[in-house]
Amino acid sequence: MAVSKNVDRYQIEQTFDLQPLKIQQIFRSANGGTVRKQSRLANELTEKDPAMSQAWSVRVAAIASCPWEVVSGNAEQAKFIESSLRNIQPAYSDGLASFSELLQSMQSSVKHGFSLAQNNWAAGGTRIEGFKIFSQSLFSYVDSDLPYFVGADGSEKIYPSYPEWIYHTSTNSRDAEPLRSGIVRPLAYLYAFRRHVQIEYLGGLEKYALPQPFVAVEGVLYDDDNTQKQDIENMMASWTYNGYSLYDKDTMEVTFPTAASGFDVNNFLSFLDWTEKQIFRIILGQDSTSSADNSNRSTAQVHNLVRADMLASDAKAVEDTVNNQIIKPLFEATYGASATRPIFRFRLKGVTEISEMSKVVETLDKAGYEIDEAVLSERFGFKVSRKEIVEEEAPQNVD
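Definitions and limits used
- Sequence order as written defines the numbering, with residues in each chain counted from 1.
- This being a predicted model, a pLDDT of at least 70 is required before a residue's local features are given, and a value of 80 or more before pairs of side-chain atoms are given or counted; all residues contribute to the totals for chains, interfaces and linings.
- The basis for every side-chain value is the complete set of non-hydrogen atoms in the structure, without hydrogens or water.
- Helix and strand assignments follow DSSP, with helices taken as H or I runs no shorter than four residues and strands as E runs no shorter than two, numbered in order from the N terminus.
- Residue burial is assigned from relative accessible area. The probe radius is 1.4 Å, only protein chains are included, and a residue is buried under 20% of its type maximum, exposed over 50%, and partly exposed in between.
- Contacts: residue pairs with any heavy atoms within 4.5 Å of one another.
- Paired strands, as defined in this entry, are two strands with at least two bridges between them according to DSSP.
- Think of each axis as a best-fit line through the C-alpha atoms, taken over the contacting stretch in the case of a helix, with angles from 0 to 180 degrees between the N-to-C directions.
- Among the buried residues, those of types Ala, Val, Leu, Ile, Met, Phe, Trp, Tyr and Cys that are joined through side-chain atoms within 4.5 Å form a nonpolar core.
- The salt bridge definition used is simple: a Lys or Arg side-chain nitrogen within 4 Å of an Asp or Glu carboxyl oxygen.
- Any pair of Phe, Tyr and Trp rings, taking the six-membered ring for Trp, is counted once the centres come within 6.5 Å. Such a pair is stacked with planes under 30 degrees apart, edge-to-face with planes over 60 apart, and tilted for the rest.
- Whenever two N or O atoms come within 3.5 Å, that pair is a polar contact, provided that in protein one can donate a hydrogen and the other can accept it, and provided that, for residues adjacent in sequence, both atoms are side-chain atoms.
- To estimate how far a helix should extend, the number of its residues minus one is multiplied by 1.5 Å.
- Arc definition: it is the arc formed by the directions from the helix axis to the C-beta atoms.

S.K.: Please provide a residue-by-residue account of the overall build of the protein chain, values included.
M.R.: For the protein chain, the count of helices and strands is 14 helices and nine strands. In the protein chain, which comprises 399 residues, the proportion classed as buried is 38%. Residue pairs in contact within the protein chain that sit at least 24 positions apart in sequence constitute 70% of those at least 6 positions apart.

Quick look at the structure:
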């Protein structure tokens, strides 16, 4: 079975010996519309750096695992749209993904700046069989405001069109240009500096924490034909695990590293800790997290790890794309055009937030104020209706 056209498999990694100058060259190429190297770099960062991998998985899970619903004034239409999305089953033989996998893929636009997927329609556009998710590195922006498919070897040129394709962008405050808005850019420089410091840190440990034994011998013992040399080598091999060195003390002088060289482990660890906090700030909007603290968390707790305004921005971007590029064509093919079609939305409010809002409503009610049911439903994220109170008739006295 051949590799699908939506997958980019390559062997030369962009993160290999990554230096700031190489990063600058990659970004300059992307600024001109050639995104292949930048997109590959974005994928590799979370493969190579544990802090980036852990924080990024939380950012994706905050959206991918978030409860969602489809709401509408027409319950039948809302039920049809919601069931159409939930009932999509992955067809791995055809390379099709489910709706939940599509949501996860769309979140990758935060890192890359954009994402694309193909919508497989059936039954005249009234049913979705699945989604084909494409690697960002297979597209180009050269001489175009919108991406077009060029393939792994760059020999094709296919322009995505609505409603067959789903084009999602997730911009931030730096720039509205998708190729510049992905957080791959600040993360790449952090990775390069962290990598350099880690290499120096491990090198220092090797020199000062695990020094290699050196044995100074007379010139006559340095001769391979001398059996005593073999005895010394056997002795050192039995005493050490990481190797040793024999040298002729009459012909060379070896200077051994000492603590006076100024090597301090804490200098390296403090820098790595500082850069890890920057990674969490870029990806999650806050740095009060760690791998140890974030294990075995519930969905609601995962949402709390991402700064609220950042999570709301991600959710709003995904909602807009789903409503305009998936639900709209599905609804119109089934029911016809309408301005009151069902709306897809995430339920971001947690139990704690709902409880606090309930206390506010109770306080207003006791003060004599009344809140419209539609406003309450919008604020709480679920339908709120007033319960009818049936007054019981007072029993009549029978003489």
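S.K.: Tell me about the sheet that holds strand S2 (residues 114-122), and name the residues and values.
M.R.: The strand order across the open sheet built from three strands is S3-S2-S6, with neighbouring strands paired in antiparallel fashion. Strand pairing shows two members of the sheet lacking a second neighbour, strand S3 (127-134) and strand S6 (165-169), which therefore form its edges. Strand-to-strand, the axes of this sheet are offset by a mean angle of 25°, without reference to chain direction. Against the sheet, helix H5 (residues 99-107) makes contact with S2, S3 and S6, and its axis sits at roughly 35° relative to S3, the strand it touches most.

S.K.: Any details on the environment of Val197? Residues and values, ideally.
M.R.: Secondary-structure assignment places Val197 in helix H8 (residues 184-209). Sequence spacing of Val197 and Phe268 is 71 residues, and the spatial spacing of their C-alpha atoms is 6.7 Å. Leave out the neighbours within four places in its chain, and Val197 touches Phe268, Phe271 and Leu272.

S.K.: Hey, could you go over the nonpolar core for me, with residue numbers and the actual values?
M.R.: The nonpolar side chains of a soluble globular protein tend to be buried with one another. Phe99, Leu103, Val322, Ile326 and Phe346 are the most contacted members of the largest nonpolar core, which has 55 residues in total. Sort the elements by how many residues they give to this core and helix H12 (residues 308-335) lands first, with nine residues. Apart from the residues within four sequence positions on either side, Val322 is in contact with Phe99, Leu103, Met106, Ile327 and Phe344. Core analysis: the next-biggest nonpolar cluster, separate from the first, contains ten residues, Val35, Tyr141, Phe149 and Trp165 among them.

S.K.: Outline unusual backbone geometry, listing residues and values.
M.R.: Apart from glycine, the bulk of residues carry a negative phi angle, and the bulk of peptide bonds sit in the trans form. With an omega of 0°, the peptide bond running from Tyr162 to Pro163 counts as cis. Secondary-structure assignment places Pro163 in the loop between strand S5 (148-149) and S6. For Asp17, which is not glycine, the phi torsion reads 50° and is therefore positive. Here Asp17 lies in the segment before helix H1 (20-31). Classification of Asp17 by relative accessible area gives partly exposed; the value is 42%. Residue Ala123 is not a glycine yet carries a positive backbone phi of 55°.

S.K.: Please provide a residue-by-residue account of the pattern of salt bridges, values included.
M.R.: Under the definition given, this model contains 13 salt bridges. We note a salt bridge from Lys5 to Glu156, for which the minimum N-O separation is 3.0 Å. Taken together, the residues Lys5 in the segment before H1 and Glu156 in the loop between S5 and S6 connect sequence positions 151 residues apart. For Glu156, a relative accessible area of 28% puts it in the partly exposed group. Salt-bridge contacts for Lys316 lead to Asp320; the nearest nitrogen and oxygen are separated by 2.8 Å. Of this pair, Lys316 and Asp320 both sit in helix H12, separated by four residues, roughly a single helical turn. The structure contains a network of salt bridges with shared partners spanning Glu69, Arg345 and Arg347.

S.K.: Explain the packing of aromatic side chains to me, using residue names and the numbers behind them.
M.R.: In total, this model carries 18 aromatic pairs according to the counting rule given. A centroid spacing of 6.1 Å and a plane angle of 35° characterise the contact between Phe271 and Trp274, whose relative ring orientation is tilted. With Phe271 and Trp274 both in helix H10 (residues 265-284) and three residues apart, this pair spans about one turn of that helix. Taking the relative accessible area as the measure of exposure, Phe271 reaches 27% and is therefore partly exposed.

S.K.: Help me get a handle on the side chain of Asn6, residues and values and all.
M.R.: Tracing the backbone shows Asn6 in the segment before H1. What makes Asn6 buried here is its relative accessible area of 8%. Engagement of the side chain of Asn6 in a polar contact is seen with the backbone oxygen of Ile133, the distance being 2.6 Å. Apart from residues no more than four positions distant in its own chain, Asn6 is found in contact with Lys132, Ile133, Phe134, Ser135 and Leu138.

S.K.: Outline the side chain of His168, listing residues and values.
M.R.: Relative to the helices and strands, His168 is located in strand S6. Judged by relative accessible area, which is 1%, His168 ranks as buried. Polar side-chain contacts of His168 include one of 2.6 Å to the side chain of Thr321. Not counting the four nearest positions on each side in its chain, His168 is found in contact with Met106, Ser109, Phe114, Ser115, Ala317, Val318 and Thr321.

S.K.: So what's going on with helix H9 (residues 227-239)? Residues and values would help.
M.R.: Taking 1.5 Å per residue, 13 residues should reach 18 Å; H9 reaches 19 Å between its end C-alpha atoms and fits that length. Every buried residue of H9 is accounted for by Lys229, Ile232 and Met236. Buried residues of H9, viewed axially, fall in a sector of 60°; they line one side. Among the exposed residues of H9, those oriented more than 90 degrees off its buried face are Thr227 and Ser238. Residues of H9 that are buried sit in contact with strand S7 (214-217) and strand S8 (245-248).

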